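Now for the letters of each chain:
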Amino acid sequence: MTMKSLCVFCGSSSGNNPEFIRSAQLLGQYLAENGITLIYGGANVGIMGAIADSTLENGGSVKGVLPKFLQGKEIAHTGLTDLIICETMHERKIKMFELSQGFVALPGGFGTLEEVVEILTWQQLGFHKYPVGFLNIGGFFDHLRMFFDEMERTRLLKAENKKMALFGSSVLDLLNTMKSYKAPEVTKWISNSVV
């Protein structure tokens, strides 16, 4: 599929691995060079700031979505193509979803995890068919991937739904996987059966 916009969930901190920032910069450069608009959380700090700056420095378009209470903490990126201010975190996620044709998680904390898992849940429920990827820098998401395997092993997650979570160890690896992604058809996803 062809993406005109990509939503990136990532940390507002930089972390302790320089590859987190470097990979964010590479992803930003790729988006700019391929005419894909970056949709992200609107901050100028951490991994979030790195991907926004890289996209802009390479001539790309960046739309940030930031709740009003975070704007007051002076972390709003003032150099974006467009900065959308919303009232709540829930409105932020809905707006980012509405603007995007694909989703990628870079390393981050609770917020990043919550955002990307909600997007996976929305796909499981049939709300969208866009690819959802994890940029697994230095094995950052290895344990999460193992947790998804455990969900399947214990029959709390169907195999076809687990396949909605795409993983790649490099920007090109992940984005090539996302380009060829075809969402599973949503059938009955609730069952009383344990077999």
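About the criteria used
- Residues numbered from 1 in each chain as written.
- Predicted model: local features only at pLDDT ≥ 70, side-chain atom pairs only at ≥ 80, totals over all residues.
- Heavy atoms only, no water.
- Helix = DSSP H or I, 4+ residues; strand = E, 2+ residues; numbered from the N terminus.
- Buried < 20%, exposed > 50% of the residue type's maximum accessible area, 1.4 Å probe, protein only.
- Contact = heavy atoms within 4.5 Å.
- Expected span 1.5 Å × (residues − 1).
- Arc of directions from axis to C-beta.
- Salt bridge = Lys/Arg side-chain N within 4 Å of Asp/Glu carboxyl O.

J.: What is the right way to read the overall build of the chain from this model?
T.: The helix and strand inventory of the chain stands at eight helices and seven strands. Overall, the chain is about 55 × 35 × 30 Å in size when its C-alpha atoms are taken along their principal axes. The proportion of buried residues among the 195 residues of the chain is 45%. Relative to all contacts within the chain whose residues are 6 or more apart in sequence, the contacts with residues 24 or more apart total 69%.

J.: Any chance you could explain helix α5 (residues 110-124) here in plain terms?
T.: Every α-helical turn comprises 3.6 residues, leaving residues that sit three or four positions apart pointing alike. Its 15 residues give α5 an end-to-end C-alpha distance of 21 Å, which sits within 8% of 21 Å, the value for a rise of 1.5 Å per residue. For α5, the set of buried residues is T112, E115, V116, I119, L120, W122, Q123 and Q124.

J.: Just to check I follow, could you spell out the environment of F141 for this structure?
T.: Inspection of the secondary structure puts F141 in the loop between β6 (132-135) and α6 (142-153). A relative accessible area of 6% places F141 in the buried class. Taking the C-alpha atoms as reference, F141 lies 9.6 Å from S169; in sequence the two are 28 residues apart. Beyond its immediate stretch of four places on either side in the chain, F141 contacts A105, L106, P107, F134, L135, N136 and F167.

J.: Looking at this structure, I do not really get helix α8 (residues 171-179). What am I missing?
T.: Residues V171, L174, L175 and M178 constitute the buried set of α8. Taken down its axis, α8 places every buried residue within 95° of arc, on the same side. Packing partners of the buried residues in α8 comprise β1 (5-9), α1 (18-33), β5 (103-105), β6 and β7 (165-168).

J.: How should I be thinking about the pattern of salt bridges in this particular structure?
T.: Any two side chains of opposite charge can pair, given that their charged atoms come close. This structure, assessed with the given rule, holds eight salt bridges. Here E185 ties to K129 by a salt bridge, and the two come within 3.4 Å at their closest N and O atoms. On the criterion of sequence distance, the pair formed by E185 in the segment after α8 and K129 in the loop between α5 and β6 is long-range, its members being 56 residues apart. No difference in accessibility class separates E185 from K129, as the two residues are exposed. Residues E150 and R153 are paired through a salt bridge, measuring 2.8 Å at the closest nitrogen-oxygen approach. Residue E150 and its partner R153 are located together in helix α6, separated by three residues, close to a single helical turn. The class of E150 is partly exposed, set by a relative accessible area of 34%. The exposure class assigned to R153 is exposed, which follows from its relative accessible area of 58%. Here the salt bridges do not stand alone but share partners, grouping K93, E114 and E118 into one network.

J.: Help me out: how do you make sense of unusual backbone geometry in this one?
T.: In terms of backbone geometry, most residues other than glycine have negative phi values and most peptide bonds are trans. Residues other than glycine seldom take positive phi values, yet R155 does so here, at roughly 60°. You can see R155 is positioned in the loop between α6 and α7 (159-162).

No statement about biological role is implied by the geometric values presented.
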